[in-house]
Every structure is written in structure tokens, then in C-alpha cells.
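Listed below are the residues making up each chain.
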Amino acid sequence: MSRWFHLPLAALVGPTAAVPQGGASAPRPPLVKPVVVARYPHDREAFTEGLIWHGGQLIESVGLEGRSDVRRVDLATGKVRARAVIPATQFGEGLAAWKGQLVSLTWHDGIAHRWDATTLKPRGTMRYQGEGWGLTNDAQGLIRSDGSATLTFHDPATMAVRRTLRVTFAGEPLTQLNELEAVDGAILANVWHQPFIVRIDPRSGRVTAVIDLRAIVAEVGATDPEAVANGIAWDAAGKRLFVTGKRWPTVFAIRLPR
């Protein structure tokens, strides 16, 4: 990780962007304050790694040592309606949908699991190089984060790498990119251990806005240092954006100012 991003991201979204050592200042992206429009119950024990809206329901990937799973969750009640268990030796991570199937990552194993999107029955596995953190999809394929400043674009049929993208904030690489969600031509990303979601231009890699979750994080009031904001789901038909966190009791529906 660069020295630049040892600083909290909060320090970089104030009135003036900091200047990296030896470089010129770059325009800072705007800070966007979301409005909470609804709250829904969430499993307090769910260590959320991936979250999507698919088939009119939330689908969540939960990572826990020895008991990771992919689950279909009823939004109104937070109850788990169906569950697919990931092998106990693997730690489940990001999740995305692709043409009637779900794809979920594993943290260190380099294995991507395929699941039937309706039944959650296993439909095989694929291999990839590196760590798996977040996963989403655009119209062409899958997009993976690995905790670095690089997003990797994969062929959804084979996980072959098509291209990589370096993500920058005010001209400097932004590491610790975690859960991902493609929304209206942009990529949203949680930044691990930060109360912010960044919006990324998928062509340039530039962070174009920062969504400020500090009020939501304060409302949750988690005392576990690992109970961080992580989980973004987009209901494209309903134009609803959902956010949650690891071991949070609530899923929040938020609206962003235009």
C-alpha cells in the first residue's frame, strides 16, 4: 500500500485535497451525502462479503471460517430463504450474477463457484489468480477486486483476464477496494475499513464521487472493529440502492442526490 493511503480516506475528502509528496494536486471528487429512505432487518451474524439484488430478492455471500455460504434473503424480514454452503476449507467472498447463474469468489483459494440463480444448486467452479474480494458484472463480464488498487475484468465463462484497471483518487492509487456493484455505467466500491463508497469510472479508473456513509455507520454503532461497511446492491428496475455491513443489524435503502 502506498504511504499516501495510510491516511484515512476521510482526510482526503475535505475542502482541499492533499498533495502527494513530489506531485501536483489533482481535483478531488465530490463528497455525496445519501438520504436513507428505508431500513430492513439484517442477520447480525452475517459477515457480509457480497450483496446483490436478483430475481426480486437480496442474495448475499457470507464469509466465515468453516461456514461460508451464499444465501437468498427476504428483504422485508431479513430471513434466509435458501442457502448454498461453500466448502468448509474456503472463505466465501464477492458475488455477482451472470445469465441465470451466480458466481461467488473465495478469498485465498482462487476458486470461483457457480450456482443456479433460482435453486442455488452448484453448477461447477472456475479458477483465477490472486485473491478474491469483491465481484460485480457489467454487460461484458465479471469485475473483481483483490484489495489492491487494481480491478480485473474477467471472461464470465472461463475467468480468463480480459483487462485490468488502476483505480485512482485525486491522482493517486486507491487500495483496499472491496465489495463492488455496477450501477448505471459506473462501478461502486466499498473501501475496507472506511465509511465511504467510491464511484469509479470504468474507462479511466478515476474516482468521480465519494458516498459518505459516516452517518449510517454512526447509526449502526458497531463496536466490533471488523463490523465495517461492506455490501452494495442495486435494484435496477426499482432504482433502489441498498447498503449494509458485516454483522450489521440493518440493510439501508439510500437515495443519492442528483
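Undergrad: So what's going on with the overall build of the protein? Which residues, and what values?
TA: Within the protein, the regular secondary structure consists of 1 helix and 23 strands. A compact globule built from 258 residues would reach a C-alpha radius of gyration of about 18 Å, and the protein, at 17 Å, matches this within 12%. Relative to all contacts within the protein whose residues are 6 or more apart in sequence, the contacts with residues 24 or more apart total 50%. When the accessible area of the protein is evaluated, it comes to approximately 11400 Å², of which 52% is carbon and sulfur surface. Separation of charge centres in the protein, based on 30 positive and 24 negative side chains, amounts to 5 Å.

Undergrad: Can you lay out the environment of glutamate 93 for me, pointing to particular residues and giving the numbers?
TA: Among the secondary structure elements, glutamate 93 is positioned in strand β7 (residues 92-98). Once residues within four sequence positions are removed from consideration, glutamate 93 is found in contact with Glu49, Gly50, Ser61, Leu105, Thr106, Trp107, Gly132 and Trp133.

Undergrad: Tell me about the pattern of salt bridges, and please be specific about residues and values.
TA: Inspection of the entire model under this criterion finds 13 salt bridges. In this structure, the salt-bridge partner of lysine 246 is glutamate 49, at a minimum N-O distance of 3.6 Å. Placement of lysine 246 in the loop between β22 (240-245) and β23 (250-255) and of glutamate 49 in strand β3 (residues 48-54) is noted, with a sequence separation of 197 residues between them. By relative accessible area, which is 5% here, lysine 246 ends up buried. When the shortest N-O distance is used, the salt bridge between aspartate 224 and arginine 247 registers 2.9 Å. Residue aspartate 224 is found in the loop between α1 (214-220) and β21 (229-235), and its partner arginine 247 is found in the loop between β22 and β23; the two are separated by 23 residues along the sequence. A relative accessible area of 28% means that aspartate 224 is categorised as partly exposed.

Undergrad: Any chance you could break down the sheet that holds strand β2 (residues 35-41) for me, citing the residues and the numbers?
TA: Strand order in this open sheet of 4 strands is β2-β23-β22-β21, and the pairing throughout is antiparallel. Two strands lie at the open edges of the sheet, namely β2 and β21, each paired on one side alone. Strand-to-strand, the axes of this sheet are offset by a mean angle of 25°, without reference to chain direction. Relative to β23, β22 is paired through 3 bridges, and the arrangement is antiparallel.

Undergrad: Let's hear about the sheet that holds strand β12 (residues 142-145): which residues, and what values?
TA: The sheet built from 4 strands is open, its strands ordered β11-β12-β13-β14 with antiparallel pairing. The open sheet terminates on both sides in strands that have one partner only, identified here as β11 (135-137) and β14 (161-166). Neighbour-to-neighbour, the strand axes of this sheet turn through a mean angle of 25°, independent of strand direction.

Undergrad: Give a detailed account of the packing of aromatic side chains, specifying residues and quantitative values.
TA: Two aromatic rings, taken as a pair, are described by how far apart their centres are and by the angle between their planes. Evaluated as defined, the whole model comprises 5 aromatic pairs. Here tyrosine 40 and phenylalanine 242 contribute two aromatic rings whose centre-to-centre distance is 6.2 Å and whose plane-to-plane angle is 65°, an arrangement assigned as edge-to-face. A residue pair is termed long-range when its members are at least 10 positions apart, and tyrosine 40 in strand β2 and phenylalanine 242 in strand β22 qualify at 202 residues. On the basis of relative accessibility, which here comes to 0%, the residue phenylalanine 242 falls in the buried class. Taking 5.7 Å as the distance between ring centres and 85° as the angle between the ring planes, the aromatic pair formed by tryptophan 133 and tryptophan 192 counts as edge-to-face. In this pair, tryptophan 133 sits in the loop between β10 (122-127) and β11 while tryptophan 192 sits in the loop between β18 (186-191) and β19 (196-200), placing the two residues 59 residues apart along the sequence. Clustering of aromatic rings is evident, with ring pairs tying together Tyr40, Trp53 and Phe242.

Undergrad: I'd like a rundown of unusual backbone geometry, residues and numbers included.
TA: Non-glycine residue leucine 120 carries a positive phi angle of around 65°. Relative to the elements of secondary structure, leucine 120 occurs in the loop between β9 (111-116) and β10. The phi dihedral of histidine 193 falls on the positive side, at around 65°, and the residue is not glycine. Position of histidine 193 relative to the elements: it lies in the loop between β18 and β19.

Undergrad: I'd like a rundown of the pairing of strand β8 (residues 101-106), residues and numbers included.
TA: In terms of burial, β8 is a largely internal element, 5 of the 6 residues being buried. Sheet analysis places β7 next to β8, joined by 5 bridges and oriented antiparallel. Looking at β8, one finds that glycine 92 is bridged to threonine 106. Linking β7 back to β8 in an antiparallel pair, the connection comprises 2 residues, with lysine 99 at a positive phi of about 50°.

Undergrad: Go over the side chain of threonine 106 with me, naming the residues and quoting the values.
TA: Along the chain, threonine 106 falls in strand β8. For threonine 106, a relative accessible area of 0% corresponds to the buried category. Within the local environment of threonine 106, its side chain forms a polar contact with the backbone oxygen of isoleucine 111, the two atoms lying 2.7 Å apart.

Reading the values: the criteria
- Residues numbered from 1 in each chain as written.
- Predicted model: local features only at pLDDT ≥ 70, side-chain atom pairs only at ≥ 80, totals over all residues.
- Heavy atoms only, no water.
- Helix = DSSP H or I, 4+ residues; strand = E, 2+ residues; numbered from the N terminus.
- Rg over C-alpha atoms; globule rule 2.2 N^0.38 Å.
- Contact = heavy atoms within 4.5 Å.
- Areas by Shrake-Rupley, 256 points an atom, 1.4 Å probe, with all protein chains shown as cover.
- Lys, Arg positive; Asp, Glu negative; His and termini not counted.
- Charge placed at Lys NZ, Arg CZ, Asp CG, Glu CD.
- Salt bridge = Lys/Arg side-chain N within 4 Å of Asp/Glu carboxyl O.
- Buried < 20%, exposed > 50% of the residue type's maximum accessible area, 1.4 Å probe, protein only.
- Pairing = 2+ DSSP bridges.
- Axes fitted to C-alpha atoms, helices over the stretch in contact; angles between N-to-C directions.
- Phe/Tyr/Trp six-rings, centres within 6.5 Å; stacked < 30°, edge-to-face > 60°.
- Polar contact = N/O pair within 3.5 Å; in protein donor to acceptor, adjacent residues only side chain to side chain.

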